[in-house]
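Residues per chain, in single letters:
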Amino acid sequence: QVQLVESGGGLVQPGGSLTLSCVGSGIKLSSYVMSWYRQAPGKQRELVAGITESGTIQYGDSVKGRFTVTRENAKNTVSLQMNNLKLEDTAAYYCNAAKTVFGLNVDYWGQGTQVTVSS
């Protein structure tokens with residue numbers, strides 16, 4: 001049974017930092033393209049960061065220079081280090097694992113973790 005579990009969200013002041021973690025069970029994360037998405041109320045889901053199996057990384061324009069995505073394969077974990085947080089970073093953050101196997105899409109989502117930036 002595949003499961004992705006996010007953790008690390010919470011309440012933080014502007015300019016503060018948080019680290020989110022995504023831990024997989026029943027799935028080897030190193031074999032998947034791993035991404036972090038976020039969604040705030042009334043807004044579209046947006047890509048925050050992605051990392052391929054080979055290590056190529058992509059960041060959304062709004063977080064470049066502030067967020068860092070990393071793999072810890074020995075722990076079957078993908079992390080998102082968030083620095084200099086802004087009010088507009090407030091959202092539910094979701095972990096995604098994706099790949100294509102013999103022409104079939106495989107796509108898994110975690111339940112999300114809430115990040116609230118407030119003074």
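Let me begin by describing the structure that accompanies this report. (Residues numbered from 1 in each chain as written. Predicted model: local features only at pLDDT ≥ 70, side-chain atom pairs only at ≥ 80, totals over all residues. Heavy atoms only, no water.)

**Focus on the pairing of strand β8 (residues 77-82)**
Across a regular strand the side chains alternate sides, sitting on one face of the sheet and then on the other.
Okay, step 1: Most of β8 sits inside the fold, with 5 of its 6 residues counted as buried.
Okay, step 2: As paired elements, strand β3 (residues 18-25) and β8 share 6 bridges and run antiparallel to each other. The partner of S21 across the bridge, within β8, is S79.
Okay, step 3: With 6 bridges joining them, strand β7 (residues 67-72) and β8 adopt antiparallel strand pairing. The residue bridging V69 from the neighbouring strand is L80, located in β8. (Buried < 20%, exposed > 50% of the residue type's maximum accessible area, 1.4 Å probe, protein only. Helix = DSSP H or I, 4+ residues; strand = E, 2+ residues; numbered from the N terminus. Pairing = 2+ DSSP bridges.)

**Focus: the packing of aromatic side chains**
Okay, step 1: If you walk through the whole model with that rule in mind, you get 2 aromatic pairs.
Okay, step 2: For the pair Y32 and Y108, a centre-to-centre distance of 6.3 Å together with 65° between the ring planes defines the contact as edge-to-face. Linking Y32 in the loop between β3 and β4 (33-39) with Y108 in strand β10 (residues 104-109), this pair joins segments that are 76 residues apart in sequence.
Okay, step 3: Here Y32 falls in the buried class, since its relative accessible area comes to 8%.
Okay, step 4: Since its relative accessible area comes to 28%, Y108 is described here as partly exposed.
Okay, step 5: Ring centres of Y37 and W109 lie 5.2 Å apart, and the angle between their planes is 50°; on these two criteria the pair is classed as tilted. Here W109 lies in strand β10 and Y37 lies in strand β4, a separation of 72 residues in the sequence.
Okay, step 6: Overall, the relative accessible area of 34% leaves W109 in the partly exposed class. (Phe/Tyr/Trp six-rings, centres within 6.5 Å; stacked < 30°, edge-to-face > 60°.)

**A short note on the state of the cysteines**
Okay, step 1: Counted by the stated rule, this structure contains 1 disulfide.
Okay, step 2: The residue that forms a disulfide with C22 is C95, at a sulfur-sulfur distance of 2.0 Å. In this structure the cystine formed by C22 and C95 twists about its S-S bond by roughly -75°; its chirality is therefore left-handed. Of the two residues, C22 sits in strand β3 while C95 sits in strand β9 (residues 91-101), which places them 73 residues apart along the sequence. (Disulfide = S-S within 2.5 Å.)

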